[in-house]
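Single-letter residue listing:
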Amino acid sequence: MLDILIKIVVFGTIVSGIWALVASGFTLIFGVARILNFAHGSLFVLSAYVGITFVRLGFNPYVAFVLSLLVVGLFGVVIYRLFMAPIREHEVMVIIVSLSIALLMEQALLLSFGETGISFPSLVKGIVEIGGLPVPTKRIIALFIAIIALILLEYFINRTITGKKINAASQDMQMATLVGIEVERIFMLTMFISALLAALGGLLYSQIFAITPHVAVKSLIYAFAIVILGGLGSIRGSIIASFIVGYILMATIILLGARWSELIMLLTIIAILIVKPSGLFGVEE
Amino acid sequence: MKAVITVLVVLILSALALVLPEYLPEAFVYLIGLTFLFIILAVSWDVMVGYTGQVNLGHTVFVGVGAYTAALLQTPERLQGTVLEFISTNPPILLSIILGGLIAALIGFVIGFITLRLKGYYFALVTAVLPLVFIESVYIWSDVFGGEEGFSIGLGNALADTTTGKYYVAFAIMFISVVIMLLLVKSPLGLKFRALREDQELAEAAGIDTVRYKLIAFLISSFFAGIGGAAIVHYRITAGPDLYNIPLMLLIILSTVVGGLGTIYGSVIGGFFIYLAKNWWLREVIDRISKVYHVPINDEIILYAILIVIAIFLPEGVYHGIKKKIQK
């Protein structure tokens, strides 16, 4: 019994760290530009495929890791600029377009890479023992990288001038424009950071689990559950919610089996919506 | 005058649809019959999204619930060993289709009751999750739902004995469903739907109980989606997870966006041409393209790309976009 509990806590903490990256990216671009990016999960998956491609081309895994982050970050900016920015006022269409992009990317990845799972090569080897449970070092490193990235994000948003501009743009677009902030550039930067967070999550995830094109939609659902619990638009809320959802998810997988995960996620979402519709840190719309 | 022209056009098109089987090979008659049933799905999506402005991304859930309800009512032996094993009769087909609609509406009520109270994006987020959950249920309880392959309900439970017969029944179901939905949205009820689409706060200020009317629209929408799903099962005699799946959802969205959101007629026309295009010639064309050029492409990619292009150049939909351009 205790060993199962340790397993849930240890592995749950690690996946929670990764989901925190993904969810904070999703909530960031929503909070700032009011864009619900249904292609966010696809960026998560794409990073693993881009990374693998660089490794197969002969790049060192560390270099491939960084290159993949940049490529996916820029890709996020490109899809934002081409497909989302022109129709930002048509909220229904933004949802439909980003969902279409997600499904299109899933099909394109399926046709180019097939359905078999891929994994990014481990950046570190070895095993550490925690409470009698052997844990691969790469998982612990993944958690550390995730935590560092989240601290950097917090610092960037709250302490730097650019971060304050992002905050300003998210609070009032017109006023931000009036005080001389180039809102469109701020949105593009935000999208870059958002995609970067998804990509980092994807690369860390793919060192631990196999990634298939179908993971895109699944990761999106986890992100939904997290942001609904944390409150749409709140980064701090989604980080805390990630850990709650991560433990629920890990407990489900260990106790019931992976095929129950989406069903439990839905029940979690519904339970949250009944009890606390605006989430833990939600801002009233 | 406008109403007279509309009625005339509908009569002419209906007459055309009724004589069509005489001149077409059986395979096409079968496909067009299925297209009629698809039109119900597109129109019912339009009732919710086009008239109240709430983005429902889980419409296929109601299609699938209707489909599996009807299918399981015809094959009650699949329910042995579950809490529903007391169900043992095969209801008449018409009743099984209506029950499919009612169960779908019931699910719609539960989902709508929880999410439609909330302003903003919760409805879209939750409905987007739904199809995957219902697909998962098909795998978890595969003894009942038949897993990935689905299951057959037996030739005896088809809408009619011949393909032409099924075609006519499908047309009748579509015609009646669309007329009912049309009458509903043209009634004072539909006016309230549109009021809350245009400005929810203003509608509230004018004394409209927005949550209640969103819920009513969602009930109508999910009921007819269930009818459509159940009718499709009785048409093709198989139930399968494809009826829950996202490609069908995107096809419904595409049809309505092309035809014009909030017009009903547009969804009928859009649904007819998009579904036929997808199932008739698109695959062949793409097979040829991918053989010659070796590009990773399939019919789904093309449909998604079309949807993206339309959304960017005509974000109000093809019908409204072109109408606006002409008026300028």
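For clarity, every value in this text was computed on a predicted model and none was experimentally measured.

This paragraph deals with the overall build of chain B. On a plain count of helices and strands, chain B comes out with 14 helices and 2 strands. Seen through its C-alpha atoms, chain B measures out along the principal axes to roughly 55 × 50 × 45 Å. Within chain B, the proportion of its 328 residues that are buried is 48%.

What chain A contains, in helices and strands, is 11 helices and 2 strands. When the helices and strands of chain A are listed from N to C terminus, the series reads α-α-α-α-β-β-α-α-α-α-α-α-α. Dimensions of chain A, computed from the C-alpha atoms along their principal axes, are close to 60 × 50 × 35 Å. When the 285 residues of chain A are sorted by exposure, 51% land in the buried category.

Residues and elements named next belong to chain B. Orientation of helix 2 (residues 26-52) relative to helix 7 (residues 163-186), taken along the N-to-C sense of each, is 15°, at an axis distance of 9 Å. The angle between helix 2 and helix 7 places the two elements in the roughly parallel class. Both helix 2 and helix 7 take part in a crossing whose hand is left-handed. Looking at the contact of helix 2 with helix 7 residue by residue, the class counts come to 18 nonpolar, 5 polar and 2 charged.

Locating B:Phe113 in the fold gives a position in helix 4 (residues 93-115). Sequence-wise, B:Phe113 and B:Gly150 are 37 residues apart; in three dimensions their C-alpha atoms are separated by 30 Å.

All names here are of chain A. Relative to strand 2 (residues 133-136), strand 1 (residues 127-130) runs antiparallel, the two sharing 4 bridges. Looking across to strand 2, one finds that Ile 127 is bridged to Pro 136. With antiparallel pairing between neighbouring strands as the criterion, strand 1 and strand 2 make up a hairpin whose turn holds 2 residues, including Gly 131 at a positive phi of roughly 55°.

A few words on the interface of chain A and chain B. Chain A puts 35 residues into the contact, and the matching count from chain B is 33 residues. Of all the secondary structure elements, the ones that give two or more residues to the side of chain A that touches chain B are helix 4 (91-113), helix 9 (215-230) and helix 11 (261-275) of chain A. Of the residues forming the side of chain A that touches chain B, the biggest block, 14 residues, is contributed by helix 4 of chain A. Class assignment of the residues belonging to the side of chain A that touches chain B gives a composition of 28 nonpolar, 4 polar and 3 charged.

Residue and element names in this part refer to chain A. Along helix 6 (residues 161-171), the residues classified as buried are Lys 165, Ile 166, Ala 169 and Ser 170. Projected down its long axis, helix 6 shows its buried positions confined to an angular sector of 135°, all on one face. More than 90 degrees from the buried face of helix 6, the exposed residues found are Ile 161 and Gln 171. In this structure, the buried residues of helix 6 make contact with helix 1 (2-33), helix 5 (137-159), helix 7 (173-178) and helix 8 (183-208).

Further remarks concern helix 2 (residues 40-56) of chain A. All names here are of chain A. Here helix 2 contains 17 residues, and its C-alpha end-to-end distance of 25 Å stays within 8% of the 24 Å for a straight helix at 1.5 Å per residue. Of all 17 residues making up helix 2, 14 are buried, and the element is well covered by its neighbours. Positive backbone phi, at 105°, marks Gly 58, one or two positions downstream of helix 2.

This part takes up the nonpolar core. With 202 residues, the main nonpolar core has B:Ala170 and B:Leu307 as its most contacted residues. Per-element tally for this core: the top contributor is helix 1 of chain A, with 16 residues. Every residue in contact with B:Leu307, bar those within four places of it in the chain, is listed here: A:Ile96, A:Ser100, B:Leu250, B:Ile253, B:Leu254 and B:Val257.

Let us now look at unusual backbone geometry. The phi dihedral of A:Arg34 is positive, around 55°, even though this residue is not glycine. As for its position among the elements, A:Arg34 is in the loop between helix 1 and helix 2. A positive phi angle, close to 55°, is found at B:Ile237, a residue other than glycine. A count of 19 C-beta atoms within 10 Å places B:Ile237 in the partly exposed class.

All names here are of chain B. In contact at an axis separation of 4 Å, helix 7 and helix 8 (residues 188-198) are set at 70° when each is read in the N-to-C sense. Taken together, the axis directions place helix 7 and helix 8 in an arrangement best described as roughly perpendicular. Along the contact surface, helix 7 presents Leu 184, Val 185 and Lys 186, while helix 8 presents Leu 189, Gly 190 and Phe 193. Taken together, the residues of the contact of helix 7 with helix 8 break down into 4 nonpolar, 1 polar and 1 charged.

When pLDDT is averaged along chain B, the result is 87; 99% of the residues meet or exceed 70. Predicted complex metrics record ipTM = 0.84 and pTM = 0.87.

Right, let's talk about the environment of A:Lys276 for a bit. Relative to the elements of secondary structure, A:Lys276 occurs in the segment after helix 11. Spatially, the C-alpha atoms of A:Lys276 and A:Ala142 are 31 Å apart, while their sequence positions differ by 134 residues.

Rules and cut-offs
The numbers attached to residues start from 1 for each chain and follow its sequence in the written order. By the order in which they are written, chains take letters starting at A while ligands take numbers starting at 1. It should be noted that, the model being predicted, local features are given only for residues of pLDDT at least 70 and side-chain atom pairs only at 80 or more, the latter also being counted only at that level, while totals for whole chains, interfaces and linings use all residues. Secondary structure elements are taken from DSSP: a helix is a run of H or I of four residues or more, a strand is a run of E of two residues or more, and numbering for both begins at the N terminus. Residue burial is a threshold on neighbouring C-beta atoms within 10 Å of the residue's own C-beta, all placed from the backbone, with 20 or more meaning buried, 12 or fewer meaning exposed, and counts in between meaning partly exposed. A fitted line through C-alpha atoms serves as each axis, taken over the contacting stretch for helices, and the angle formed by two N-to-C directions is quoted from 0 to 180°. Each angle gets one of four labels, with under 35 degrees taken as roughly parallel, over 145 as roughly antiparallel, 65 to 115 as roughly perpendicular, and the rest as oblique. By convention, the crossing between two helices is left-handed when the near helix turns anticlockwise from the far helix through less than a right angle, and right-handed when the turn is clockwise. Side-chain classes are defined by residue name, with Ala, Val, Leu, Ile, Met, Phe, Trp, Tyr, Cys and Pro counting as nonpolar, Asp, Glu, Lys and Arg as charged, and the others, Gly among them, as polar. Criterion used throughout: strands pair if DSSP finds at least two bridges between them. A pair of residues counts as a contact when their C-beta atoms, built from backbone coordinates, are separated by no more than 7 Å. The arc in question is traced by the directions running from the helix axis to the C-beta atoms. The span you would expect from a helix comes to 1.5 Å times its residue count less one. In this description, a nonpolar core means buried residues of the types Ala, Val, Leu, Ile, Met, Phe, Trp, Tyr and Cys, linked to one another by C-beta atoms lying within 7 Å. Each residue gets a pLDDT score, which is the predictor's confidence in that residue and runs from 0 to 100.

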